Amino acid sequence: MVEYVDLEGGSLAPGLTTFGSPLGLEEIMGEVSTKDGYVLDPLQDRVPKVVGGNGALIHAIDGLQFGTRHALVAYRAGVTTGIVAPASGGFLSGVSTAFSLAAPHKLADGAIVQESGAVHVAIHPMGVPSVSTQIAALRRLLLHPSEGEAGVWFDKVKSGEVPLVVEVESADIIATLISLKSEVERELGTRLKLTLVGAREAHLLASEIYAADIGVILSPSRPLPGPPLSEKSAVRMLLEHGVTVGLGVSVADKVLNTRFDAAWAALEADGTISKEEAIALVSTNIEKLLGISKSEGHGDVVATRGGDLLGYSKVVGIVSPSRGVVDML
């Protein structure tokens, strides 16, 4: 049986991708029993030998939760793929994974979009350990052999096989990371894939970030107020310098607004960002920056009624080749 749906001037668009929140690793923000929890950090904790000691590296796929309220609501708003890294309050997070927001469980067809994506760390001023200590740890991981699972994955980072994703806010720390990337590439003779996440002050170093071939995922998506309070938005400033940009969110209940974050970025850009480029900010750009590669013809397609995905249209259907279904919403 074939069901025909009149889109009434609507559109077809790629399914959106979200990153930055713990979506997929928690059900309820304030209830510990519904969360995967935080990983032990080698700079602050004693990591047990049974886990791998200081050579341990945690994979987010092992803690995934499906069928959460925030995931299902976001799916009905056109967000079909989530990317999440292990939650960490310190330096070393782990390896991210990409999953379907509509899958009922991990073993369902198409539930796991990609088992492993990028290696994630964070550099933040926290008193102890110092920023310089965190940079020193990252330098050692990149320039010297490491043991265990961490060694395996940082070898992939060194060869440029997988991205290194660094959560960072300060322009000063970003400048140090740019210098470190140059140092490592000079020593190893390879090209690193580096992505900055959070990056509230990245616009201050837009030209330097582009020259260093570094990508940026802004989370939250509007670190600057935008016109008329600031002449340009952070997204526009980075794009004008040629930086590959993605937009993230920091809390799971905001994921359903992903398409409006992209629309807002386009509106603030005064016509310099097309609708296609705006959608890329929350789909293909994020996947590229986080090492997620979807097979051709296997990406989800979102159908909207009465307008395009960036407007106040209704998502009425999602075609998912990887899951082998068409969801009528």
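Residues numbered from 1 in each chain as written. Predicted model: local features only at pLDDT ≥ 70, side-chain atom pairs only at ≥ 80, totals over all residues. Heavy atoms only, no water.

A. Looking closely at the packing of helix H2 (residues 131-143) against helix H4 (residues 171-188). Two elements in contact, H2 and H4, have axes whose closest approach is 11 Å; the angle formed by their N-to-C orientations is 20°. Classified by the angle between their axes, H2 and H4 sit roughly parallel to one another. Here H2 runs over H4; the crossing is right-handed. On the side of H2, the interface is formed by Val-131, Ile-135, Leu-138, Arg-139, Leu-142 and Leu-143, while H4 contributes Ile-173, Thr-176, Leu-177, Leu-180, Glu-183, Val-184, Glu-187 and Leu-188. A breakdown of the residues in the contact of H2 with H4 according to their chemical character gives 10 nonpolar, 1 polar and 3 charged. (Axes fitted to C-alpha atoms, helices over the stretch in contact; angles between N-to-C directions. Helix = DSSP H or I, 4+ residues; strand = E, 2+ residues; numbered from the N terminus. Parallel < 35°, antiparallel > 145°, perpendicular 65-115°, else oblique. Left-handed = near helix turned anticlockwise from the far one by under 90°. Contact = heavy atoms within 4.5 Å. Nonpolar A, V, L, I, M, F, W, Y, C, P; charged D, E, K, R; others polar.)

B. Summary view of the environment of Ala-234. With respect to the element layout, Ala-234 can be found in helix H6 (residues 234-240). The spatial distance from the C-alpha of Ala-234 to the C-alpha of Arg-259 is 18 Å, given a sequence separation of 25 residues. Not counting the four nearest positions on each side in its chain, Ala-234 is found in contact with His-203, Leu-218, Pro-223 and Leu-224.

C. Molecular detail of the nonpolar core. Residues Phe-154, Leu-164, Leu-196 and Ile-209 are the most contacted members of the largest nonpolar core, which totals 83 residues. It is H4 that contributes the most residues to this core, 7 residues altogether. Beyond its immediate sequence surroundings of up to four residues, Leu-164 is in contact with Val-119, Val-121, Leu-138, Leu-142, Phe-154, Val-157, Lys-193, Leu-194 and Thr-195. Counting residues in hydrophobic clusters, the runner-up holds 11 residues, among them Phe-19, Val-165, Val-197 and Ile-292. (Core = buried A, V, L, I, M, F, W, Y, C linked by side-chain atoms within 4.5 Å. Buried < 20%, exposed > 50% of the residue type's maximum accessible area, 1.4 Å probe, protein only.)

D. Summary view of the environment of Glu-277. Mapped onto the elements, Glu-277 comes out in helix H8 (residues 275-281). You can call Glu-277 partly exposed: its relative accessible area is 43%. Note: C-alpha distance between Glu-277 and Ala-266 (11 residues apart in sequence) is 8.3 Å.

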